[in-house]
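Chain by chain, the residues:
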Amino acid sequence: MATWLKRGATAEAKRDADKKVREIVEAALLDIEERGDAAVREMSVKFDGWDREDYQLSQAEIDNCVERLTAQERKDIEFAQAQVRNFAQIQKDSMKEVEVETMPGVVLGHKHIPVNAAGCYVPGGKYPLLASAHMSVITAKVAGVPRVITCAPPFEGKPADKIVAAQAMAGADAIYALGGIQAIGAMAIGTESIGGVDMLVGPGNAFVAEAKRQLFGRVGIDLFAGPTETMVIADETVDGEICATDLLGQAEHGPESPAILITNSEKLARDTMREVERLLDILPTADYARPAWENFGEVVVCDSYEEMRIVADDYANEHVQVMTEGPDYFLKNMTNYGALFLGPRTNVSYGDKVIGTNHTLPTKKSARYTGGLWVGKFLKTCTYQNVLTDEATTLVGEYCSRLCAMEGFAGHGEQANIRVRRYGGRNVPY
Ligand code: NAD
């Protein structure tokens, strides 16, 4: 039976924290709705100490950011962007359009139509997370979105150079130095300085994720991509140091980031917990990682791979690193995860920064119903139909007429009847 050697915050504490964030976001979005740019500006000053008339960066400001990159930095960003673009293109090419004659004279099909405008949020409160620019802007462009705008918060009081460079190199059509609820609200609601978009994508902290959630319906969103979570599934084929490294590598995102170990070895569990304490003493980002581990870290010891899989599926974690004798068992059988990292040679950081899969992934158990960001999220799969012959419309029309009568829909029925009369030359007795 699964045993928890360490548990994180209670469900009640998590609910209380969510409620507070929900209320702050609701009030802020209402304010943006009512006062537009004035509210956006006040929030930007309050939360980021950043104020200017126009949040859109000029071409000269953008060029300066790109020019300030060293040659190596530029090559590294180009390499990462090429991997993301390549995999996104392969995924897009796998999405076939459909057109098929399902009965003689009846043609049905679907097309994938990109949204007209997407707003890509790139987080940057604690770290200048330039990788998120590749993940959303490039993916939107590969999907064929005509207008892609992007916002990132100023970092340490000014636009974050490296984020801006990555946003530009990814092909953004407009770049704004604006963060948090004010960026999400402005892109969705549309203010004088930022025209509204049809769809919001990208990860962010609890405020950003909740703002997107509250705006869903008014605009599309990709998914609920809040504070990072990570899970390591491991057995004694690996040691405590590598497990602890992988747990802390994601816990450093921030104090709300859960890191979970699931293992079938109590020895590995205890070694990992010891290693976490050792590494926390030397990790430069321990100010974020330590509270994350102390408040949300969990360690579970299970009896078998099957039990490990069941417990892992129940967490529905964003990142799942599998380091066991047969990692393919988990690929074959797990159903709830944002992304899997199979075997000890890969890790979440490869996915976050460079390997080519998208790092914008579902959190807070939303992996129960969605995967991460990909080209498909920017595409609307819209159906169409065409009836080519008199015989086909008469056949379908008679069925339709009777089905409408069962529901009492006289108007719907008459849409069918008129076609049966005109193209079939007979009356429908219903
Ligand atoms: P961020 O850009 O998401 O948030 C910064 C903004 O938060 C600021 O601009 C500020 O306006 C706002 N803010 C801060 N405190 C506030 C308050 N009290 N009230 C209202 N607004 C407030 O940057 P961040 O904070 O560094 O967070 C980035 C997040 O993105 C991390 O939690 C990280 O784990 C997450 N992330 C998630 C994924 C994913 O796919 N799920 C991927 C990468 C990063």
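As a starting point, this report considers the structure included with it. Since we're looking at a predicted model, the values are computed, not measured.

1. With respect to the pattern of salt bridges
The full count for this structure, using the stated rule, is 26 salt bridges. Note that Glu23 and Lys19 form a salt bridge whose closest N and O atoms lie 3.4 Å from each other. Here Glu23 pairs with Lys19, and both are found in helix H1 (residues 11–35), just four residues apart, close to one helical turn. The partner of Arg290 in a salt bridge is Glu294, and the shortest N-O contact between them spans 4.0 Å. Note that Arg290 and Glu294 are positioned in helix H11 (residues 286–296) at a spacing of four residues, about one turn of the helix. A residue is classified by how much of its surface remains accessible, and Arg290, at 25% relative accessible area, is partly exposed. Owing to a relative accessible area of 46%, Glu294 belongs among the partly exposed residues under this scheme. What emerges from the salt-bridge pattern is a single network uniting Glu277, Asp281, Arg290 and Glu294.

2. Some details on the side chain of His319
Here His319 lies in strand E12 (residues 319–323). Taking relative accessible area as the criterion, His319 reaches 1% and is therefore assigned buried. A distance of 2.8 Å separates a polar side-chain atom of His319 from the backbone oxygen of Glu229. Excluding residues within four positions of it along the chain, His319 makes contact with Thr228, Glu229, Thr230, Met231, Gln250, Ala339, Phe341, Val348, Asp352 and Leu361.

3. Some words on the site of the ligand
Around the ligand, 28 residues are found, and the nearest of them are Asp48, Tyr121, Lys126, Thr228 and Leu361. Note that an oxygen atom of the ligand is positioned 2.7 Å from one of the side-chain N or O atoms of Asp48. In isolation the ligand has 870 Å² of accessible area, and contact with the protein removes 89% of it. Elements with a contribution of two residues or more to the shell around the ligand: helix H2 (37–48), helix H7 (180–189) and helix H8 (206–215). With three residues, the top contributor of residues to the shell around the ligand is H7. Of the residues that constitute the shell around the ligand, the class distribution is twelve nonpolar, 13 polar and three charged.

4. Observations concerning the nonpolar core
By size, the foremost hydrophobic cluster in this structure holds 62 residues, and its most contacted members are Met187 and Leu200. With seven residues, the single largest contributor to this core is H7. Once you skip the residues sitting within four places of it in the chain, Met187 turns out to touch Gly119, Cys120, Tyr121, Ile149, Cys151, Ile194, Gly195, Gly196, Val197 and Leu200. By size, the runner-up hydrophobic cluster in this structure holds 22 residues, among which are Val232, Val276, Ala292 and Trp293.

5. Points about helix H15 (residues 390–407)
Compared with the 26 Å implied by 1.5 Å per residue over 18 residues, the 26 Å span of H15 between its first and last C-alpha is a close match. Three or more residues of H15 are buried, namely Ala392, Thr393, Thr394, Gly397, Ser401 and Cys404. Tucked into the core, H15 has its buried residues touching strand E3 (106–114), strand E14 (379–387) and helix H16 (410–424). Just downstream of H15, Gly408 is the residue with a positive phi angle, here 75°.

6. Points about the sheet that holds E3
If you walk across this open sheet you meet the three strands as E2-E3-E14, and the pairing is antiparallel. Two strands bound the open sheet, and with one partner strand each, they are strand E2 (98–103) and E14. Adjacent strand axes in the sheet meet at a mean angle of 20° when their direction is disregarded. Direction of pairing for E2 relative to E3: antiparallel, over a ladder of five bridges.

7. Concerning the pairing of strand E13 (residues 339–342)
The pairing of E12 with E13 spans four bridges and is parallel. Looking at the pairing, Val322 lines up with Leu342 of E13. What joins E12 to E13 is helix H13 (residues 328–333), and the crossover it makes is right-handed.

8. Some thoughts on the environment of Leu200
You can see Leu200 is positioned in strand E7 (residues 199–201). Judged by relative accessible area, which is 0%, Leu200 ranks as buried. Along the sequence, Leu200 and Val219 sit 19 residues apart, while their C-alpha atoms lie 7.0 Å from each other. Those residues in contact with Leu200, other than ones at most four positions away along the chain, are Gly119, Ile184, Met187, Ala188, Lys212, Leu215, Val219, Gly220, Ile221 and Asp222.

9. Overview of unusual backbone geometry
For Ala316, which is not glycine, the phi torsion reads 50° and is therefore positive. For Ala316, the location among the structural elements is in the loop between helix H12 (305–315) and E12. By relative accessible area, which is 0% here, Ala316 ends up buried. Located in the positive-phi region is Lys364, a residue other than glycine, with phi close to 50°. Tracing the backbone through its elements, the reader meets Lys364 in the loop between helix H14 (348–353) and E14. Lys364 gets classed as partly exposed once you look at its relative accessible area, which sits at 45%.

Scoring rules and cut-offs
Residues numbered from 1 in each chain as written. Predicted model: local features only at pLDDT ≥ 70, side-chain atom pairs only at ≥ 80, totals over all residues. Heavy atoms only, no water. Salt bridge = Lys/Arg side-chain N within 4 Å of Asp/Glu carboxyl O. Helix = DSSP H or I, 4+ residues; strand = E, 2+ residues; numbered from the N terminus. Buried < 20%, exposed > 50% of the residue type's maximum accessible area, 1.4 Å probe, protein only. Polar contact = N/O pair within 3.5 Å; in protein donor to acceptor, adjacent residues only side chain to side chain. Contact = heavy atoms within 4.5 Å. Near = heavy atom within 4 Å. Areas by Shrake-Rupley, 256 points an atom, 1.4 Å probe, with all protein chains shown as cover. Nonpolar A, V, L, I, M, F, W, Y, C, P; charged D, E, K, R; others polar. Core = buried A, V, L, I, M, F, W, Y, C linked by side-chain atoms within 4.5 Å. Expected span 1.5 Å × (residues − 1). Pairing = 2+ DSSP bridges. Axes fitted to C-alpha atoms, helices over the stretch in contact; angles between N-to-C directions. Right-handed = clockwise from strand over helix to strand, strands pointing away.

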